[in-house]
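So you can see what is in the structure, the chains are spelled out below.
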Amino acid sequence: MRRPKAALGALFLAGALATGGCATGTDAVVTGPETFEFVSPDGQLEIHYDPPSERKPVATLTGPDLLDPDRTLNVQEDFEGQVVILNLWGQWCGPCRAESDDLQRLQDEFEPQGATVFGINLRDPNRQKPVDFVEDNGITFPSIWDPSNAAVAALRGFPTSVVPATIILDKQHRVAAVYLAEITDDKLRDTVSAILAEEVEPV
């Protein structure tokens, strides 16, 4: 297992920007012993958490539906027992826009198998802009509208100053893999397939 050992610093920011990430804002850092808490392993941009028994679940992830702010989305309740591909994105972020087609292909392929892409839209105070982006690009997976980082704070210690970022949750909504740069469907396909094939462990 590649375990996080060092706090995220300038090395991570330099690496993320070099790979096309969009840096802005301030990280939300919350601590808690029972749920997942992120620490970057020496600036790596791809982290896998194995064996599954050592993974930790994320805190409750909930917030207003981007397309219908009167509706509340809840990852744990709405996608119970499913693999969830969490994606932090903003319509203002070029790499986020570039990877949206890849995420939609993952949604189309894996939704029938019990997995979903789930977006968290960050720092888009004008809701209509990300709504237009979703509708214009035929994106069918749901997103929380989170302009204030209230929802993403549940990802304790996660570096929300750099997007895009993708976090794969297993069927028990434990963090199985983290990607801190733009992704492609080819890059994630084998990982998602392997996590879908895992047996659910007894609580």
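Residues numbered from 1 in each chain as written. Predicted model: local features only at pLDDT ≥ 70, side-chain atom pairs only at ≥ 80, totals over all residues. Heavy atoms only, no water.

Another aspect to go through is the side chain of Asn 87. When you line up the elements, Asn 87 lands in strand β5 (residues 83–89). You can call Asn 87 buried: its relative accessible area is 2%. In this structure the side chain of Asn 87 is engaged in a polar contact, spanning 3.0 Å, whose partner is the side chain of Thr 166. Asn 87 has contacts with Glu 99, Leu 103, Phe 118, Gly 119, Ile 120, Ala 165 and Thr 166, leaving out every residue within four places of it along the chain. (Helix = DSSP H or I, 4+ residues; strand = E, 2+ residues; numbered from the N terminus. Buried < 20%, exposed > 50% of the residue type's maximum accessible area, 1.4 Å probe, protein only. Polar contact = N/O pair within 3.5 Å; in protein donor to acceptor, adjacent residues only side chain to side chain. Contact = heavy atoms within 4.5 Å.)

Counting 56 residues, the largest nonpolar core has Leu 86, Leu 88, Leu 155, Phe 158, Ile 167 and Val 178 as its most contacted members. Among the secondary structure elements, those contributing two or more residues to this core are β5, α3 (94–110), β6 (115–122), α4 (128–136), β7 (143–146), β9 (165–169), β10 (175–179) and α5 (185–196). For this core, the leading source of residues is β5, giving 6 residues. With sequence-adjacent residues up to four places away left out, Leu 86 is seen in contact with Leu 61, Val 75, Phe 118, Ile 120, Leu 155, Ala 165, Thr 166, Ile 167 and Leu 169. (Core = buried A, V, L, I, M, F, W, Y, C linked by side-chain atoms within 4.5 Å.)

Looking now at the packing of aromatic side chains. Applying the stated criterion across every chain, the model contains 5 aromatic pairs. Arranged with centres 5.7 Å apart and planes meeting at 90°, the rings of Phe 36 and Tyr 49 form a pair that is edge-to-face. With Phe 36 in the loop between β1 (22–23) and β2 (46–48) and Tyr 49 in the loop between β2 and β3 (62–64), this pair connects stretches of sequence that are 13 residues apart. Tyr 49 carries the same exposure label as Phe 36, and that label is buried. Members of the aromatic cluster, each reached through a chain of ring pairs, are Phe 36, Phe 38, Tyr 49 and Phe 158. (Phe/Tyr/Trp six-rings, centres within 6.5 Å; stacked < 30°, edge-to-face > 60°.)

With 83% of its residues at a pLDDT of 70 or more, the protein shows a mean pLDDT of 86. In this model residues 1–20 is a low-confidence stretch, pLDDT under 50, and it forms 42 contacts with partners more than four residues away in sequence or in other chains. Predicted confidence for residues 23–32 stays below pLDDT 50, and this span has 27 contacts to residues more than four positions away or in other chains. (pLDDT = per-residue confidence, 0-100.)

The terminal C-alpha atoms of α5, which comprises 12 residues, lie 15 Å apart, in line with the 16 Å expected from a rise of 1.5 Å per residue. Looking only at α5, the buried set comprises Asp 185, Leu 188, Thr 191, Val 192, Ile 195 and Leu 196. Viewed end-on, α5 has its buried residues packed into an arc of 135°, placing them on one side of the element. Within α5, the exposed residues directed more than 90 degrees away from the buried face are Asp 186 and Asp 190. Buried residues along α5 sit in contact with β2, β5, α3, β6, β9 and β10. (Expected span 1.5 Å × (residues − 1). Arc of directions from axis to C-beta.)

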